[in-house]
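Remarks on the overall topology
So you can see what is in the structure, the chains are spelled out below.
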Amino acid sequence: MQLHDTINGTSTAVATSVAGPVKSAARALDLLDEIAAHGPGTQLQLSTRLNIPKSSLHALLRTMTDRGWLDTDPTGSVYQLGIHSLVVSSAYLDGDPVLARAASVLDEVATATGETVHLGRLDGDHVIYTAKRESVHPLRMHSAVGRRLPAYSTSLGRAVLAQLPLEERAAMIPDQINAITVNTTTDKDAVLAIIAEAAVQGYARESEESCLGVRCFGVALPFSRNAVDALSVAVPISRLDNGREDFIIETLLSIKARLASVHDNSLVR
């Protein structure tokens, strides 16, 4: 790129540069994201998955293993996330202001319902579990903090998407939706209709779309002016009787209304 500077009436070209991504740093981050999303792999497998030449990947794997970001299996041939990834993840969770202030809310909902409670955050067109309270029952949803799921197929994500203008919602949903289970809604217009209904009702739901046998209910939390965090309750369908579904929805809506009245959409951001 060139700019022109005029000196004594003469136009002179001045070379400038536009900073772009550092290739090696981008590859290191891509490698961490790939292993986190799709699991460990050999050098050849990771080279294929990331479309990085083996020769370039070799030095990167060695450096990241030496620094503790990656580790290998006993054979030394399969690469997985290392202990330093956990250290950084824990530091993020400890330092996030929403997680600190939402802890009591998670405890309250978990105590009231006895079911699995998740806190999640919108990240692109996905939602990531940032906190969890386990159900008191032996039969429960299997999940973990850090799990990443499509926002448009989960109650957490739908609750946040329902806060967006119609155009932004549509842009967040792909034309081709991959099914997580046999019950996942894969038609874009149908998903948009579900999210529109959530916007009217104030809460979102999904039934066996992300986990078979489980129904989830979620509400966006007013922790910022543009909500990115949501709270959900996941319940095995076999326990949804005697008005339990209504009770869970009422509990979530009550929490949402109370937070909105207290914090006025400006809790931490």
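Shown above is the structure to which this text applies.
I will try to describe carefully the structure that is included in this document.

**Focus on the overall build of the protein**
- A tally of regular secondary structure across the protein gives 9 helices and 11 strands.
- Within the protein, buried positions represent 41% of all 269 residues.
- On the protein, roughly 14400 Å² of surface is accessible, and the fraction owed to carbon and sulfur atoms is 54%.

**Remarks on the nonpolar core**
- Met141, Tyr152, Leu161, Ile173, Val191, Ile195 and Val214 are the most contacted members of the largest nonpolar core, which totals 25 residues.
- Elements represented by at least two residues in this core include exactly strand E7 (126–133), helix H6 (155–161), helix H8 (188–201), strand E10 (214–220) and strand E11 (229–236).
- Residues Ala102, Ala110, Val233 and Val235 belong to the second largest nonpolar core, which totals 24 residues.

**Let's talk about the sheet that holds E10**
- On the basis of which strands lie adjacent, the open sheet formed by 6 strands has the order E8-E7-E6-E11-E10-E9 and antiparallel pairing. Of all strands in the sheet, those with a lone pairing partner are strand E8 (148–150) and strand E9 (204–207), marking the two edges. When strand polarity is set aside, the average angle formed by the axes of neighbouring strands in this sheet is 30 degrees.
- The sheet contact formed by E9 and E10 spans 4 bridges and is antiparallel. When the bridges of E10 are listed, alanine 204 appears paired with glycine 218.

**With respect to unusual backbone geometry**
- One non-glycine residue, asparagine 51, lies in positive phi territory at about 60 degrees.
- Structurally, the position occupied by asparagine 51 is in the loop between helix H2 (43–50) and helix H3 (54–66).
- Overall, the relative accessible area of 69% leaves asparagine 51 in the exposed class.
- With phi around 60 degrees, glutamate 208 is a residue other than glycine that occupies positive phi space.
- Along the polypeptide, glutamate 208 turns up in the loop between E9 and E10.

**A few points about the pattern of salt bridges**
- Throughout the structure, instances matching the rule amount to 13 salt bridges.
- Residue arginine 158 pairs with glutamate 209 through a salt bridge whose shortest N-O separation is 2.8 Å. With arginine 158 in helix H6 and glutamate 209 in the loop between E9 and E10, this residue pair connects regions lying 51 residues apart in the sequence.
- For arginine 158, a relative accessible area of 0% translates into the label buried.
- For glutamate 209, a relative accessible area of 6% corresponds to the buried category.
- Within the structure, one salt-bridge network assembled from shared partners comprises Asp96, Arg121 and Asp229.

Parameters at a glance
- Residues numbered from 1 in each chain as written.
- Predicted model: local features only at pLDDT ≥ 70, side-chain atom pairs only at ≥ 80, totals over all residues.
- Heavy atoms only, no water.
- Helix = DSSP H or I, 4+ residues; strand = E, 2+ residues; numbered from the N terminus.
- Buried < 20%, exposed > 50% of the residue type's maximum accessible area, 1.4 Å probe, protein only.
- Areas by Shrake-Rupley, 256 points an atom, 1.4 Å probe, with all protein chains shown as cover.
- Core = buried A, V, L, I, M, F, W, Y, C linked by side-chain atoms within 4.5 Å.
- Pairing = 2+ DSSP bridges.
- Axes fitted to C-alpha atoms, helices over the stretch in contact; angles between N-to-C directions.
- Salt bridge = Lys/Arg side-chain N within 4 Å of Asp/Glu carboxyl O.

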